[in-house]
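The lines below spell out each chain.
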Amino acid sequence: MTTTTPARGRRRAPSRMERAAGRAAAFQKPRVILALLLLLALTSVMLLDGYLRSEIGDDARVRDGAAYDKVPGRILDGGPLLTFDHGTATTQSVPDKTIVLTFDDGPTATWTPQVLKVLEENDVDATFFMVGSMISRYPGVVKSLVKQGNEVGIHTFTHVDLSYQSAARLQRELKQTQLALAGAAGVTTTLFRAPYSSEIDAVDNYSWPVYQEIGDLGYTSVFVDTDSDDWKKPGVSKIVRWATPKKNKGAIVLMHDAGGDRSQTISALGTYIKKMKAKGYTFTTVSGAQAMLNGNRSGVGRQPGSAGASAGAGIGGTGAAQAAQHQAAGATLYEGKALVYAVAVAEWVVPALSWFLLVVGIAVMGRFGMMLVLARRHHRQRNRGRGKGGRGGGRFSWGPAVTRPVSVIVPAYNEKECIANTLRSLAKSTHPIEIVVVDDGSDDNTSEIAESLGMPNVRVVRQENAGKPAALNNGVRTARHDIVVMMDGDTVFEPDAVHQLVQPFADPEIGAVAGNAKVGNRTTLIGAWQHIEYVMGFNLDRRMYDLLRCMPTIPGAIGAFRRDAVLGVGGMSEDTLAEDTDITIALHRAGWRVVYQEHARAWTEAPGSFRQLWSQRYRWSYGTMQALWKHRKSLTDKGPSGRFGRVGMPLVVLFQIVTPVFAPLIDVFTGYSMVFVDFRAALLAWLAVLAVQLVCAAYAFRLDREKYRYLAMLPLQQLAYRQMMYLVLIHSCVTALTGGRLRWQKLKRTGEVGTPARAGR
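Residues numbered from 1 in each chain as written. Predicted model: local features only at pLDDT ≥ 70, side-chain atom pairs only at ≥ 80, totals over all residues. Heavy atoms only, no water.

### Focus on the overall build of the protein
Operational definition: Helix numbering and strand numbering both begin at the N terminus, where a helix is a DSSP run of H or I of at least 4 residues and a strand a DSSP run of E of at least 2. Residues are treated as being in contact if the distance between any of their heavy atoms lies within 4.5 Å. Accessibility throughout is a Shrake-Rupley quantity obtained with a 1.4 Å probe, and a residue counts as covered only by protein chains that appear here.
Across its full length, the protein carries 22 helices and 21 strands. Pairs at least 24 apart in sequence give 81% of the contacts found in the protein among residues at least 6 apart. On the protein, roughly 32000 Å² of surface is accessible, and the fraction owed to carbon and sulfur atoms is 56%.

Laid out in structure tokens, this is it:
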């Protein structure tokens, strides 16, 4: 029988979704690019943070005991200040009874301010040789340090032994540290101290060329005369004794304001300054000492009672005590500020993400545990006494058997490859049915093929192309029975699928039933991956949601409804792309119960290419977001609607949106850890998560009586397929945030799915 039904009795005006379709199509590429840019930005932030923490590009090698025969003897016997004038090396020593306090490896937010406080209390300036990565992390400390009248020097950006590094790495270490100084305090400097250096007589054949190159760039290399060895934490008295020069000689003294617990250094510093002042010593900076050597003693040290900074000090002061510092300007200043801002973002984002991922990880593990417990309970409850014969022994039953005829609605749009298999599978149904094929304006002879089969219980209803929701509504209106089964035009039912699917309607509280959708074309790699997802992700989830009475979606491939319930909520809505999710939530809100019937199996043709898969899942995920937003008021409703809003909706948001959106971060962190931190530990953590997923998947396969061989593809699925699903969801979130709309999309079908011999194949 054939019926032609116009959508409204006259030419239908375009729906809102169709009117937006053209505009939406133009936005898709930018949204994909934006989603990828978000991931790229996150990766960049992580790489920057890893570089700052020496997890990337770290070289822990330290040279020791090398020969020094190529180093001029006058240099090895010279003073701690090494400069080069047109290639000629010159050294200088600090004047007698003069102390140049220097601090290495900082700044830090804990110890550097305490050092500054002691210096301020004792009217002393010092020179701080700072690590660029630390400068960019604590710019406020550096700014205060310079403003107080202290001097800054470069200690490289990542604290590496430069004798092992290339010329390009050397240049990069210097430039990046200068940029960090410029961004933090608005200054640059010509002072340099190499990591792991000490007295000048320790210069060897490998480090000498480095100092030559640095000198040619205009830097003064600063060594030490006395080393307090405060990093050894020997006690306050030893730090003071080891830092004291002999025979009233002047000295550049080394201490540290970073690298561990510096409480002994803080305690020793004030004692040391008072002791040396009592001996008649003057304190100054490196530039101050150089000025004294050159006969200029003006402004080389802070005078007693001069609260503030030494002469000419300030941000980039020009006094003798800060002569090595220069005001940053131009590109250097702006690039430096950009670096500091980027680091500030990384310093906030990465720890926040780490904590958030911990929460996500706990949620994921909690979900797995909840699914296993509830799925087992669901299976035992619904299969109690099944297969044991008879009805005794507490066998589970929905109630009296439902045997009355039902209507099966098949919406079809250009399904010529599949429609014959679909209808032939329904012809084998063990339950009395009428079949309503709603041809949604097909132009490939779909309706003609349906009619040519000559099946007496098939009616073909033609309509102008109006979309799947309109086709389903048309089918519901023309259905002759009180129970309607909805399926896709590319799906085939097992002979007892309809009978199993309608049995829950023996309970008058049940308004809809979700069936068990199976992937029919699972012989390909992409098909096998979707098969795993259907069994583990969809069907295991539905068991959990069923027990919690908050089923979010009845699959379009196989679902049954009370006709009155569907009409009572206004039918299938065009407001969202996920009409199946939309109608399911609407039924919850209307007070109906929605359940899952695992024994009602249908076989559907899953997308056969990544392009089609992307299109389908994009529509699903975006449509789910639309449906949740549409029904957001259920959060404050009472009764069944409120139950879904306060139980089902948070679970869907957490496990189907939030967790998957941030799941790529787990993979990014794992890959980052494998490459830059601890490969073995990161790999073991990833394998542990995979093992948990494998256990869940194996249990899901056991419940559905599926072959375990497909689980061999699970590791590869985690490495490839899952990443694509993440991008699809992120793409959907971007679309939702930018207010885009999409129309229902048709996938290319092959018609390869036929009725299987049995479900476990």
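### Focus: the layout of surface pockets
Gaps left between atoms are located by rolling a probe of water-molecule size over the structure's atoms. Operational definition: Cavities and pockets were defined on a 1 Å grid built from protein atoms only: a cavity is a group of points that admits a 1.4 Å probe but offers it no way out, a pocket is an open group of points flanked by protein on both sides within 12 Å along at least five of seven lines, and a lining residue is one with an atom within 4 Å of any such point. Grid points are joined across faces, edges and corners, and a volume is the space filled by probe spheres set on the points. We call Asp, Glu, Lys and Arg charged. Ala, Val, Leu, Ile, Met, Phe, Trp, Tyr, Cys and Pro are nonpolar, and the rest, Gly among them, are polar.
Approximately 740 Å³ is the volume attributed to the second largest pocket. The wall of the second largest pocket is formed by 35 residues, among which Val-62, Pro-195, Tyr-196, Ser-197 and Ser-198 lie closest to the centre. Those elements that provide at least two residues to the lining of the second largest pocket are helix H7 (208-216) and strand S11 (251-256). Looking at the lining of the second largest pocket, its residues break down into 15 nonpolar, 9 polar and 11 charged.

### What to know about the packing of aromatic side chains
Selection criterion: In this analysis, rings of Phe, Tyr and Trp, with Trp reduced to its six-membered ring, are considered paired at centre separations within 6.5 Å, and the interplanar angle assigns stacked below 30 degrees, edge-to-face beyond 60, and tilted for intermediate values. Exposure categories follow from relative accessible area, calculated using a 1.4 Å probe and restricted to protein chains: below 20% of the type maximum is buried, above 50% is exposed, and the middle band is partly exposed. We count a charge as sitting over a ring when the NZ of a lysine or the CZ of an arginine lies within 6 Å of the ring centre and within 35 degrees of the ring normal.
Overall, the coordinates contain 8 aromatic pairs when judged by the stated rule. Note on Tyr-211 and Phe-223: the rings are 5.1 Å apart at their centroids and 55° apart in plane angle, and the pair reads as tilted. Taken together, the residues Tyr-211 in helix H7 and Phe-223 in the loop between strand S9 (220-222) and strand S10 (226-227) connect sequence positions 12 residues apart. Overall, Tyr-211 belongs to the buried group, its relative accessible area being 6%. The buried category is assigned to Phe-223, whose relative accessible area is 2%. Ring centres of Trp-529 and Phe-610 lie 6.4 Å apart, and the angle between their planes is 50°; on these two criteria the pair is classed as tilted. With Trp-529 in helix H16 (residues 525-548) and Phe-610 in helix H19 (residues 610-630), the pair connects residues that are 81 residues apart, well separated along the chain. You can call Trp-529 buried: its relative accessible area is 3%. One Lys or Arg, Arg-63, reaches over the ring of Tyr-164 and ends 3.9 Å from the middle of that ring.

### Quick word on helix H9 (residues 263-278)
Which entries qualify depends on this criterion: Any helix carries an expected span of 1.5 Å times its number of residues minus one. Here the bend at each residue means the angle between axes fitted to two seven-residue stretches, the one ending at that residue and the one beginning there.
In this model, H9 (16 residues) spans 24 Å end to end at C-alpha, consistent with the 22 Å of a helix rising 1.5 Å per residue. In the structure, H9 departs most strongly from a straight axis at Leu-269, where the bend amounts to approximately 25°. On its buried face, H9 is in contact with strand S4 (98-104), helix H3 (112-121), helix H8 (236-243), S11 and strand S12 (282-284). Just downstream of H9 lies Gly-280, where phi reads positive at about 90°.

### So, a nonpolar patch on the surface
Heads up, the rule is: Note on patches: the residues involved have over 30% relative accessible area and no salt bridge, like charges join within 9 Å, and the nonpolar side chains Val, Leu, Ile, Met, Phe, Trp and Tyr join within 5 Å. The rule for a salt bridge is simple: a side-chain nitrogen of Lys or Arg has to be within 4 Å of a carboxyl oxygen of Asp or Glu.
A contiguous nonpolar surface patch, about 370 Å² in accessible area, is contributed by Trp-355, Leu-358 and Ile-362. In this fold, Trp-355 is placed in helix H11 (residues 330-382). Since its relative accessible area comes to 61%, Trp-355 is described here as exposed.

### Looking at helix H5 (residues 139-147)
To keep it simple, the criterion reads: Throughout, the arc means that of the directions going from the helix axis to the C-beta atoms.
Of the residues making up H5, those classed as buried are Val-141, Val-142, Leu-145 and Val-146. Seen from one end, H5 has its buried residues packed into an arc of 130°, which puts them on one side. Gly-149 sits one or two positions beyond H5 and adopts a positive phi of about 110°.

### A look at the environment of Ala-328
For Ala-328, the position within the fold is in the loop between strand S13 (325-327) and H11. Dropping the residues within four chain positions of it, Ala-328 is found in contact with Ala-182, Gly-186, Val-187, Thr-188 and Leu-333.

### A look at the pairing of strand S19 (residues 510-519)
So the rule is basically this: Here, strands pair whenever DSSP counts at least two bridges between them.
Counted residue by residue, S19 has 10 buried out of 10 residues, so it is predominantly covered. In this sheet, strand S21 (residues 593-604) lies alongside S19 in parallel orientation, the contact comprising 8 bridges. When the sheet's bridge partners are listed, Ile-510 is paired in S21 with Arg-593. Here 3 bridges tie S19 to strand S20 (residues 559-562), and the two strands are oriented antiparallel to one another. By the bridge assignment for S20, Ala-512 is matched with Phe-561.

### With respect to empty space enclosed by the protein
With the rule as written, the count across this model stands at 1 cavity of 30 Å³ or more. Here the largest cavity defines a volume of roughly 100 Å³. Along the walls of the largest cavity sit 16 residues, with Met-486, Pro-555, Gly-556, Met-572 and Asp-580 positioned nearest its centre. If one sorts the elements of the lining of the largest cavity by residue count, helix H18 (residues 579-589) sits on top with 3 residues. Classifying every residue of the lining of the largest cavity gives 10 nonpolar, 2 polar and 4 charged.

### What about a negative patch on the surface?
Going by this rule: Here Asp and Glu are counted as negative and Lys and Arg as positive; His is not counted, and neither are the chain ends. To locate a charge, take atom NZ for lysine, CZ for arginine, CG for aspartate or CD for glutamate.
A cluster of acidic side chains, namely Asp-77, Glu-199, Asp-201 and Asp-225, defines a negative patch on the protein surface. Note on placement: Glu-199 falls in the loop between strand S8 (191-192) and H7. Residue class for Glu-199 comes out partly exposed when judged on its relative accessible area of 31%.

### Overview of the nonpolar core
Put simply, the rule is: As used in this record, nonpolar core signifies buried Ala, Val, Leu, Ile, Met, Phe, Trp, Tyr and Cys residues forming a set joined through side-chain atoms within 4.5 Å.
Core analysis: the biggest nonpolar cluster contains 62 residues, and Met-486, Tyr-545, Phe-561 and Leu-587 have the highest contact counts within it. Filtering out sequence-adjacent residues up to four positions away, Met-486 remains in contact with Ile-409, Leu-472, Val-476, Gly-556, Ala-557, Ile-558, Gly-559, Phe-561 and Met-572. Counting residues in each nonpolar core, the second largest holds 61 residues, with Trp-111, Val-115, Leu-170 and Ile-273 among its members.

### Describing the packing of H18 against H19
Under the convention used in this document: Lines are fitted to the C-alpha atoms to define the axes, a helix being fitted only along its stretch in contact, and any angle between axes, read from their N-to-C directions, falls within 0 to 180 degrees. The scheme is simple: roughly parallel for angles under 35 degrees, roughly antiparallel for over 145, roughly perpendicular for 65 to 115, oblique for anything else. Left-handed is the label given to a crossing in which the near helix is rotated counterclockwise from the far helix by less than a right angle, and right-handed is the label when the rotation is clockwise.
At their nearest, the axes of H18 and H19 sit 9 Å apart, and the two run at 25° to each other. Classified by the angle their axes make, H18 and H19 are roughly parallel. Where H18 crosses over H19, the handedness of that crossing is right-handed. Residues Thr-581, Asp-582, Ile-585 and Arg-589 of H18 pack against Thr-624, Ala-627, Leu-628 and Lys-630 of H19. Here the contact of H18 with H19 is built from residues that sort into 3 nonpolar, 2 polar and 3 charged.

### Quick word on the pattern of salt bridges
Going through the model one piece at a time under the given rule, you end up with 21 salt bridges. The salt bridge partner of Glu-706 is Arg-522, with a shortest N-O separation of 2.9 Å. You can see Glu-706 sitting in the loop between helix H21 (679-703) and helix H22 (714-738) and its partner Arg-522 sitting in the loop between S19 and H16, a full 184 residues away along the chain. Of the two residues examined, Glu-706 and Arg-522, each falls in the buried class.

### Here's the deal with the side chain of Ser-442
Heads up, the condition is: In the analysis that follows, any N or O atom pair within 3.5 Å is treated as a polar contact, provided that within protein one partner can donate a hydrogen and the other can accept it, and provided that, for residues neighboring in sequence, both atoms belong to side chains.
Tracing the backbone shows Ser-442 in the loop between strand S15 (433-440) and helix H13 (446-452). From its side chain, Ser-442 meets the backbone oxygen of Ala-412 in a polar contact 3.5 Å long. From its side chain, Ser-442 meets the backbone nitrogen of Asn-414 in a polar contact 2.7 Å long. Excluding residues within four positions of it along the chain, Ser-442 makes contact with Ala-412, Tyr-413 and Asn-414.

### A look at unusual backbone geometry
Following Gly-106, the chain continues to Pro-107 via a peptide bond in cis, the omega torsion being 0°. Positive phi, normally seen in glycine, also occurs at His-86, with a value near 55°. Position of His-86 relative to the elements: it lies in the loop between strand S2 (81-85) and strand S3 (88-92). Under the relative-accessibility criterion, His-86 is labelled exposed at 80%. For Tyr-196, which is not glycine, the phi torsion reads 65° and is therefore positive. Mapped onto the elements of the fold, Tyr-196 is located in the loop between S8 and H7.

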